[in-house]
Amino acid sequence: MAAETRITAVLGPTNTGKTHYAIDRMLAHRTGVIGLPLRLLAREVYDRIVAARGPSVVALVTGEERIVGARAKYWVCTVEAMPTDIGCDFLAIDEVQLCADPERGHVFTDRLLHARGLSETLFLGSDTMRGTIAALVPKVQFMKHERFSTLSYAGSKKLSRMPARSAIVGFSVENVYAIAELIRRQKGGAAVVMGALSPRTRNAQVEMYQNGDVDYLVATDAIGMGLNLDINHVAFSATAKFDGWRMRDLFPHELAQIAGRAGRHTAPGTFGVTGEARPLAEEVIDAIENHRFRPIERINWRASNLEFGGVDRLIASLEVTPIEERLTRGREADDLKALKALADLPHIRDRLRHPRDLRLLWDVCRIPDFQGISAHEHANLLQRIFGFLQDGHVPDDWLQAQIRRIDKTQGDIDTLSKRLAYIRTWTYVAQRSGWVQDESHWRGETRAVEDRLSDALHSALTQRFVDRRTSVLLRRLKQKESLVAEVNDKGEVTVEGEFVGRLEGFRFHQDGTASPDQAKTLKQAAYEALKPEFHLRADRFYNAPDTELDFTEQGGLMWGNSAVGKLVKGADAMKPQVEAFVDEEAGFDVGEKVRRRLQHFIDRKVATLFEPLLNLQRDETLTGLARGFAFRLVEALGVLPREGVADEVKALDQDMRGSLRKHGVRFGQYTIFQPLLLKPAPTRLRLVLWSLHEGLDEFPESPPPGLVTVPNIPDVPKGYYSLSGYHPAGSRAIRIDMLERLADILRNMDSRAGFEANPDMLSITGMTLEQFADLMAGLGYKGEQGEREKVRSEPVAKPVEEGASANPITEEEAALQTVTEMEVFYTFTWAPKPRAPRGDRAPRGERRDGKPGGDRRDGKPRGDRPKGAKGKPGGKGKRDDQGGRNFESRPPKRDRIDPDNPFAAALMGLKDKI
């Protein structure tokens, strides 16, 4: 390079502005190149220069990335990738103390000895390199930068007591993940920074930390290499690391390089230890605080003048021992290991016919083992690529297949990290000139895949190690800012835009994904923000119409889809009380307002649906036995099986019955009831009130509306069928009003001589003949099955046309066409099952002569007899006892329910017993 170049070593501890100084010096020249230790740091410096001068004059060159502006004058590179022969006016090497690194040191040493700018050269790094640089670089000048802020030791701190804006350092991926997980649980989350991350992922994580989404950073020693972050405290979770060969303690200058990230510009910083890390020794603390370390006296070196006359001569030139005493051969690098492995393969040696073949092989061997696979697998990959390149270039279809296997954004953190490592291999290949046919396409393709994987990894890291809700809410609470809560139409509660749970009615259900450590903070923040919402919601609820409220068949009280309370047992069945579901944090006023509104709702619901029954209860004109019977009917919620009150009914004279009929009471053969109370809405409420008053643990549901019969399940609570408006008979229970219509028809039948079921009976019940026989048996009738020839109407004979034969078919053919069709029928007679006698009294419902009981001389079953125009049994359009049109006069739909009807499953969970 130029002999007149000015060489300056700018040395000093961290936070002295060395990199900033180098950038300013480079931009003062017409052209320049700067070599940086990390791809991450190179990207950071590139972005700073682009912001200052624009992208057209800046180039970024790393092993896996190459962005060159149209008029590139300033080259920002990793040290390994920096061009040294382009004749730039300015050249700088950052973190020059890495000359002592056992793995990469020889590259930094080569740049220290040979890389020069035409006008100015800068070496930036630790003051420990002063003696070595002075000995190896003639005419070098030294410039010392002092640290802008103080750095002091803060001792040991638990993670739970770690101050905000802290970086916790670990030296393995597992350790970093474990710390980040613990901080997420205790502090709301942490950003993660490791050298293996892509620049895009690292920048996204750092941005999350820098903008305050999280207050903690968990990182490897990668943060020690010039990354500028707003860190107040650095805590070491360990003071030893595996350096590729063995576990060893970190040197004081290595600890200082990392600890120096604390305190930016003039702000003081602290460092210390945490977790299981032992407290630092006094001499180490003193060295770090005062920036005094043992000088680096030997640096790693490898020959740069390589011989390509043969593979053995190339290996020998790479293993030359240095003459200078300050230079030493470092560990055998990965590229030399790969070269030796491939040189041992006969078919590879056979292909090395020219020095250019050997140069190509050496270039291939310098592909880093990004994938971290075994040496043998890495060598196999390299020989495959070498074979392709000797034939021209890497085939597009083969390269596309390799990339396609990697281009998947699903998976956990480890899976995505591996895919990112794999794509770096093909990014490196695409960046090499002449290795692929369409360089622009493959560079764009590999970059796009890396970007997608980087975004997916950032998302996975954030999802696993950051609880945005807790971190945001903690920060707001600490700053004592008012929190803004929003509740969407699904009840999802967000505080400051973060989902924290659901508000169902007036109860907040916290998100269950929060850890126990986070739950308290989330709950505090949520209730603080929800206080205004509770009062606004209570006002809306109090003024809401009854149409927005409802009760469930288990006694719950609903506002829309939200449970806001439940019914509790009151003084009597028709006066239930309510219990409001309101969180204590909402306040007494909110709870009382909700309770009053619910009580108003259920009181009005009872008054509306049970109006006929309440009118009966309030009628002061009812006296004596009629009043007592009305009390019994009210107590039974409007439905009384006649069998249980037969004596009371018999004692009522016609005037008493008439006064009760004015309130819609119908004295049926089987049930005393008010027809209006058999409608679905009163029936549903009646079952809830009855179940509540009886103290049932589970309330039986009302049958689906419109069904004439339902399964008769023996294990349902006693009284359920009557209150549901059904009467059990056989294997089914029939609706009470339909049963009374059937009883009206049966009353006209000769039950002693026997009668057959007619279509009207089957139509009323919606049953088949066999099902009807079972129902009749349940009502006390005996059915005898018979079979007979079905009567068929004869067709009218057509006149025989003139000239036509009177008998077109023979007698034999006519006999073959005549088939006798049989039909099944049942004959029913009154035959109730005998009951246990009480003394010498005949069983209820049966006279001493064995005929059907009742107060009628014809022996027909007792009950109110609907009358037509002339007092005869009514049919269609018949009138009820009050002269109005009977609501059951309309022919019912057929009941198509079989024993597998889902209604049976709803009855107390007894599906298995149907």
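In this convention, every chain numbers its residues from 1, walking through the sequence in written order. Since the coordinates come from a predicted model, pLDDT governs what is reported: local features require at least 70, and pairs of side-chain atoms require 80 or more to be given and counted, while whole-chain, interface and lining totals use all residues. To get the side-chain values, all heavy atoms of the structure are used, and hydrogens and water are removed first.

1. Quick word on the sheet that holds strand E33 (residues 755-756)
Then, in step 1: Strand order across the open sheet formed by three strands is E33-E35-E34, with antiparallel pairing between neighbours. The sheet is open, and its two edges are formed by E33 and strand E34 (781-789), each paired on a single side.
Then, in step 2: Any two residues whose heavy atoms approach within 4.5 Å at even a single point are treated as in contact. Here, axes are lines fitted to C-alpha atoms. For helices the fit covers the stretch in contact, and angles between N-to-C directions go from 0 to 180 degrees. Only runs of H or I of at least four residues qualify as helices and only runs of E of at least two qualify as strands under DSSP, and these elements are numbered from the N terminus. Here helix H28 (residues 769-778) sits on the sheet and contacts E33, E34 and strand E35 (822-830); the angle it forms with E35, its principal contact strand, is near 10°. Should DSSP find at least two bridges between two strands, the strands are regarded as paired.

2. So, helix H20 (residues 611-618)
Then, in step 1: Pro612, Leu613, Leu614 and Leu616 are the residues of H20 that are buried.
Then, in step 2: Looking at the buried side of H20, the elements it contacts are helix H19 (588-609), helix H21 (624-635) and helix H23 (654-661). Exposed residues in this analysis have more than 50% of their type's maximum accessible area, buried residues have under 20%, and partly exposed residues fall in between, with area computed by a 1.4 Å probe over protein chains only.

3. Examining the confidence of the model for the protein
Then, in step 1: For the protein, the mean per-residue pLDDT works out to 84, and 85% of the residues sit at or above 70.
Then, in step 2: Confidence of the predictor at the level of single residues is captured by pLDDT, which takes values from 0 to 100. The model gives residues 838-861 a pLDDT under 50, and that stretch makes 48 contacts with residues more than four places away or in other chains.
Then, in step 3: Throughout residues 865-914 the model reports pLDDT below 50, and contacts reaching past four residues in sequence, or to other chains, amount to 94 contacts.

4. Focus: the sheet that holds strand E11 (residues 191-193)
Across a sheet, strands are paired by hydrogen bonds formed along the backbone, either parallel or antiparallel in direction.
Then, in step 1: Read from one edge to the other, the open sheet built from six strands follows the order E9-E16-E13-E10-E12-E11, with strand pairing classed as parallel. The strands lining the two open edges of the sheet, one partner per strand, are strand E9 (151-156) and E11. Averaged over all adjacent pairs, the angle separating strand axes in this sheet is 25°, with direction ignored.
Then, in step 2: Alignment of strand E10 (residues 166-169) against strand E13 (residues 233-236), held across four bridges, turns out to be parallel. The partner of Ser166 across the bridge, within E13, is His233.

5. What to know about the nonpolar core
Then, in step 1: Among buried residues, the Ala, Val, Leu, Ile, Met, Phe, Trp, Tyr and Cys ones that are joined through side-chain atoms within 4.5 Å form a nonpolar core. Among the nonpolar cores identified, the biggest contains 70 residues, and Phe506, Phe610, Phe629 and Leu660 are the most heavily contacted of them.
Then, in step 2: Here this core gets eight residues from one element, more than from any other, and that element is helix H18 (residues 516-542).
Then, in step 3: Beyond its immediate sequence surroundings of up to four residues, Phe610 is in contact with Met574, Leu637, Leu677, Pro682, Leu685, Arg686 and Leu689.
Then, in step 4: Grouped together as the second largest cluster of nonpolar side chains are 65 residues, Phe308, Leu336, Phe386 and Leu457 included.

6. Examining the pairing of strand E16 (residues 269-273)
Then, in step 1: Burial runs high along E16: four of the five residues are buried.
Then, in step 2: With four bridges connecting them, E9 and E16 associate as parallel partners. Its bridge partner lying in E16, Leu151 is registered against Gly269.
Then, in step 3: Pairing between E13 and E16: four bridges, direction parallel. What sits directly across from His233, in E16, is Thr270.

7. Structural notes on the packing of aromatic side chains
Then, in step 1: Classification of ring pairs uses Phe, Tyr and Trp, with its six-membered ring standing for Trp, and accepts pairs whose centres are within 6.5 Å; under 30 degrees between planes counts as stacked, over 60 as edge-to-face, and the remaining range as tilted. Using the criterion set out here, one finds 17 aromatic pairs in the structure.
Then, in step 2: A ring pair is formed by Phe508 and Tyr527, whose centres lie 5.7 Å apart and whose planes are at 75°; its orientation type is edge-to-face. One end of the pair, Phe508, is in strand E22 (residues 507-510); the other, Tyr527, is in helix H18, and 19 residues separate them in sequence.
Then, in step 3: What makes Phe508 buried here is its relative accessible area of 9%.
Then, in step 4: Take Tyr527: its relative accessible area is 10%, and that puts it in the buried class.

8. Observations regarding helix H14 (residues 396-406)
Then, in step 1: Along H14, the positions that sit buried rather than exposed are Trp398, Leu399, Gln402, Ile403 and Ile406. The buried residues of H14 all sit within an arc of 130° when viewed along its axis, so they share a single face. In H14, the exposed residues that point more than 90 degrees away from the buried face are Asp397, Arg404 and Arg405. Starting at the helix axis, one direction is taken to each C-beta atom, and the arc is that of these directions.

9. Quick notes on the packing of helix H12 (residues 355-365) against helix H13 (residues 375-390)
Axes are the key here: two packed helices are described by the angle between their axes and the distance separating the axes.
Then, in step 1: Taken N-terminus to C-terminus, the directions of H12 and H13 make an angle of 140°; their axes are 10 Å apart at the nearest point. Looking at the two axes, H12 sits oblique to H13. Crossing hand, H12 versus H13: right-handed. Packed against H12, whose contacting residues are Asp357, Leu360, Leu361, Val364 and Cys365, the element H13 presents Leu382, Phe386, Leu389 and Gln390 at the interface.
Then, in step 2: All residues other than Ala, Val, Leu, Ile, Met, Phe, Trp, Tyr, Cys, Pro, Asp, Glu, Lys and Arg, Gly among them, are scored as polar; the first ten of these are nonpolar and the last four charged. The class makeup of the residues in the contact of H12 with H13 is seven nonpolar, one polar and one charged. Oblique is the label for any angle not under 35 degrees, not over 145, and not in the 65 to 115 range, which are roughly parallel, roughly antiparallel and roughly perpendicular in turn. Two helices cross in a left-handed way if the nearer one is turned anticlockwise from the farther one by less than a right angle. They cross in a right-handed way if the turn is clockwise.

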